[in-house]
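So you can see what is in the structure, the chains are spelled out below.
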Amino acid sequence: MTIAIKGTRNGLTIVIPDEEAWEQVLSQLQAKFGEQESFWSGAAVLELGERELEEEDLKKAIALLEEAKLGPFHLVALHPKTIETGARIGLCPPSAPEKLPTGNALYLKGTIRSGQVVRHDGSIVICGDVNAGAEVIAGGDVVVFGTLRGMAHAGAEGNEKAQVVAVNLRPTQIRIAGKIARSPDHGAPPLSKSPEVASIVGGDINISPLS
Amino acid sequence: MSRVIVITSGKGGVGKTTTTANLGMALANMGEKVALLDADIGLRNLDLVLGLENRIVYDIVDVVEERCKLRQALIKDKRNPNLALLPAAQTRDKTAVNPDQMKKLVEDLKEEGFSFILIDCPAGIEQGFKNATAAATEAIIVTNPEISSVRDADRIVGKLEAEAELKNPLLIVNRVRPAMIKNQEMMSVEDVQEILAIKLLGVIPEDDCIITSTNRGEPVSMSETSRAGQAYRNVARRIRGEEVPMLNLEESFGFFSRLKKLFAVS
């Protein structure tokens, strides 16, 4: 078994097989990266599997890769001790890829009326109006091709990147992840002639024209 | 000691919700700590009449099903901090709550230190009525001076006495039009009283202000100029034990007739 090198969205991923002795691994790394000095660069992820590693050993590998202009480094390990060792010298797992809403979008045609609730894990697209007293709760985005007068909750499972979009956005309330915004008390807001989008900007729900 | 009053009517559209909102606001403005409880699950309106719809996050069913604490669901009024609303759920129905849960809820409200707990009863005599009356110790019957609402009110008085053990309900005759009574086109307050034979708590004149104030979410009892608002404030004072004479409806009749004459001349 030899080490494998893959290009991923987190950078260069170096998969190190468990069976190989560490000395062997180091020499393989030396062979792959030591020679073609300028060929590699940028972030790299070390995948160590179940292997248990001492700090010294891990440092040797990192030093070797740094010489090949690689870095910063991330570590994917299964052994708790190795994870701990990695954390001690500043190696953490690459940030988990953004969790996208699961499942297909739910497409509905017609008016959602007071007292009705539409709930879906993914995004919800409604071709029609959502009246006051109705609730639309989506794991992903809420898109209304019509007037949104009721309550829309996007990113109901905590996705703060979720958005509420409506051709005519006049909601009682908008919720995105854990944030809540309500309509102003005095006087209806001026009716925007263009579609608007509500999203979290700087920790608050913000409404802007859909561009 | 808190007083728990259900506002009921049997028939729909006679003004239970309007009465609840106005009495609540009037009592709160007199310094009482008031909780309004909307028992009309599935057809909630009290929040609208009070202009608090956009503040609802949790409702009565969330409290009963323990998804939130009572305090989280209580909405403090934006004008008067003495007034709080526990909204109904819109997406459920009357079966979402049972009378025992209502009793527990009202006990919890009492512990929050409210001096008045007003329960807005739904129309009808089914589960919603049973829920709304279960925890109440006093009842206010709202009726209009016309035969069908008086008939339903009579049925309610009977049911309250027999099933809910609410003796001596008080009567509010709502939407009274003195001019029509004078022309013998409408039942008079005395006619209504004769049939129902319960103590009269107040007479509320028909008032266009109710429509605009409802649409704006501002109870008419906040308005100094509205006659209905004045009548509601008087009812609130009577509830607190004050002796307040009934509004002189003739006076309002005179005013309107004078207006009419004015238009007739021009």
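Now for a description of the structure that goes with this document.

Basis of the calculations
- Position labels on residues start from 1 in each chain and follow its written sequence.
- Note on labels: chains are lettered from A, ligands numbered from 1, in written order.
- Residue-level local features of this predicted model are given only where pLDDT is at least 70; pairs of side-chain atoms are given and counted only at 80 or more, and the full residue set underlies all totals for whole chains, interfaces and linings.
- Based on all heavy atoms of the structure, the side-chain values leave hydrogens and waters out of the count.
- Secondary structure elements follow DSSP: runs of H or I of four or more residues count as helices, runs of E of two or more count as strands, with numbering from the N terminus.
- What the globule rule says is 2.2 Å times the number of residues to the power 0.38, and the radius of gyration is computed from C-alpha atoms.
- Exposure is judged per residue with a 1.4 Å probe applied to protein chains only, and the accessible area is read against the type maximum: over 50% gives exposed, under 20% gives buried, and values in between give partly exposed.
- Note on definitions: a residue-residue contact is assigned when non-hydrogen atoms from the two residues lie within 4.5 Å.
- In summary, the charge assignment counts Lys and Arg as positive and Asp and Glu as negative, without counting His or the chain termini.
- For this purpose, a charge sits on NZ of Lys, CZ of Arg, CG of Asp or CD of Glu.
- Working definition: rings of Phe, Tyr and Trp (its six-membered ring) pair if their centres are within 6.5 Å, and the pair is stacked with planes under 30 degrees apart, edge-to-face with planes over 60 apart, and tilted otherwise.
- Here, over-ring charges are defined by two tests on the NZ atom of lysine or the CZ atom of arginine: distance to the ring centre within 6 Å, and angle to the ring normal within 35 degrees.
- If DSSP finds at least two bridges between two strands, the strands pair.
- An axis is simply a line fitted to the C-alpha atoms; with a helix, the fit covers only the stretch in contact. Between two such axes, the angle follows the N-to-C directions and lies from 0 to 180 degrees.
- By buried area we mean the combined loss of accessible area, with a 1.4 Å probe, across both parts when two parts are placed together.
- Salt bridge, as used here: a side-chain nitrogen of Lys or Arg that lies within 4 Å of a carboxyl oxygen of Asp or Glu.
- Whenever two N or O atoms come within 3.5 Å, that pair is a polar contact, provided that in protein one can donate a hydrogen and the other can accept it, and provided that, for residues adjacent in sequence, both atoms are side-chain atoms.
- Residues are grouped as follows: Ala, Val, Leu, Ile, Met, Phe, Trp, Tyr, Cys and Pro are nonpolar; Asp, Glu, Lys and Arg are charged; all remaining types, including Gly, are polar.
- Here, nonpolar core means buried Ala, Val, Leu, Ile, Met, Phe, Trp, Tyr and Cys residues that are tied together by side-chain atoms lying within 4.5 Å of each other.

## With respect to the overall build of chain A
Here's step 1: Secondary structure assignment for chain A yields three helices and 15 strands.
Here's step 2: Relative to a compact globule of 211 residues, whose C-alpha radius of gyration would be 17 Å, chain A shows 25 Å and is clearly more extended.
Here's step 3: For chain A, the spread of C-alpha atoms along the principal axes amounts to about 70 × 30 × 30 Å.
Here's step 4: Relative to its 211 residues, chain A shows a buried fraction of 40%.
Here's step 5: A separation threshold of at least 6 residues defines the contact pool for chain A, and within that pool the share at least 24 residues apart is 36%.
Here's step 6: Averaging the coordinates of the 20 positive side-chain charges in chain A and doing the same for the 26 negative ones gives two points 12 Å apart.

## A word on the packing of aromatic side chains
Where two aromatic rings form a pair, the distance of their centres and the angle of their planes describe that pair.
Here's step 1: The final tally for this structure, using the stated rule, is zero aromatic pairs over all chains.
Here's step 2: The positively charged end of lysine 33 of chain B is found above the aromatic ring belonging to phenylalanine 114 of chain B, 4.3 Å away from the centroid.

## A short note on the sheet that holds strand β8 (residues 199-205) of chain B
Residue and element names in this part refer to chain B.
Here's step 1: On the basis of which strands lie adjacent, the open sheet formed by eight strands has the order β3-β4-β2-β5-β1-β6-β7-β8 and mixed pairing. Looking at strand neighbours, the two that pair on one side only are β3 (75-76) and β8, the edges of this open sheet.
Here's step 2: Pairing analysis gives four bridges linking strand β6 (residues 138-143) to strand β7 (residues 170-176), with the strands arranged parallel. Note that in β7 the partner of valine 142 across the bridge is isoleucine 172.
Here's step 3: Where helix α1 (residues 16-29) meets the sheet, it contacts β1 (3-8), β2 (34-38), β4 (83-86), β5 (116-120), β6 and β7, and its direction lies at approximately 165° from that of β5.
Here's step 4: Against the sheet, helix α9 (residues 189-196) makes contact with β6, β7 and β8, and its axis sits at roughly 145° relative to β7, the strand it touches most.

## A closer look at the sheet that holds strand β4 (residues 70-77) of chain A
Hydrogen bonds between backbone atoms are what pair the strands of a sheet, whose relative direction is either parallel or antiparallel.
Residue and element names in this part refer to chain A.
Here's step 1: Taken in spatial order, the four strands of this open sheet run β1-β2-β3-β4, and their pairing is mixed. The sheet terminates laterally at β1 (4-8) and β4, the two strands that pair on one side only. Neighbour-to-neighbour, the strand axes of the sheet open up by a mean angle of 25°, direction not taken into account.
Here's step 2: Here strand β3 (residues 42-49) pairs with β4 via six bridges, running parallel. Its bridge partner being in β4, glutamate 47 is matched across the sheet by valine 76.
Here's step 3: Sitting on the sheet, helix α2 (residues 55-67) is in contact with β2 (11-15), β3 and β4, with an inclination near 145° to β4.

## Here we look at the interface of chain A and chain B
Here's step 1: With 16 residues of chain A in contact, the opposing surface of chain B contributes ten residues.
Here's step 2: Carbon and sulfur atoms supply 43% of the area buried between chain A and chain B, which totals about 970 Å² over both sides.
Here's step 3: The interface formed by chain A and chain B includes zero salt bridges.
Here's step 4: Between the two partners, chain A and chain B, sit five residue pairs in polar contact (both at pLDDT 80 or more).
Here's step 5: A class-by-class count of the residues in the side of chain A that touches chain B yields four nonpolar, eight polar and four charged.

## Here's the deal with the pairing of β4 of chain B
All names here are of chain B.
Here's step 1: Neither face of β4 is exposed, since Leu83 and Leu85 on one face and Ala84 and Leu86 on the opposite face are all buried.
Here's step 2: For β2 and β4, the ladder comprises four bridges, and the chain directions are parallel. Paired with leucine 37 across the strands is leucine 86, a residue of β4.
Here's step 3: Two strands pair when backbone bridges link them, and β3 and β4 are joined in this way by two bridges, in the antiparallel orientation.

## Looking at the nonpolar core
Residue and element names in this part refer to chain B.
Here's step 1: Of all hydrophobic cores here, the largest spans 51 residues; its most connected members are Leu37, Leu86 and Ile119.
Here's step 2: Ranked by the residues each element gives to this core, the list is headed by helix α7 (residues 147-164), at five residues.
Here's step 3: Grouped together as the second largest cluster of nonpolar side chains are 34 residues, Val14, Leu52, Val142 and Val235 included.

## Regarding the pattern of salt bridges
Here's step 1: Applying the stated criterion across every chain yields a total of 22 salt bridges over all chains.
Here's step 2: The partner of arginine 3 of chain B in a salt bridge is glutamate 138 of chain B, with the nearest N and O atoms 2.8 Å apart. Here glutamate 138 of chain B lies in strand β6 and arginine 3 of chain B lies in strand β1, a separation of 135 residues in the sequence.
Here's step 3: Judged by its relative accessible area of 26%, arginine 3 of chain B is partly exposed.
Here's step 4: In this structure glutamate 138 of chain B comes out as partly exposed when scored by relative accessible area, which is 24%.
Here's step 5: Lysine 110 of chain B serves as the salt-bridge partner of glutamate 107 of chain B, at 3.2 Å between the closest nitrogen and oxygen. Remark: lysine 110 of chain B and glutamate 107 of chain B occur in helix α5 (residues 99-111); sequence separation between them is three residues, near one turn of the helix.
Here's step 6: For lysine 110 of chain B, a relative accessible area of 24% translates into the label partly exposed.
Here's step 7: Residues joined by salt bridges that share partners form a network here, namely Glu55, Lys59, Glu84 and Arg88 of chain A.

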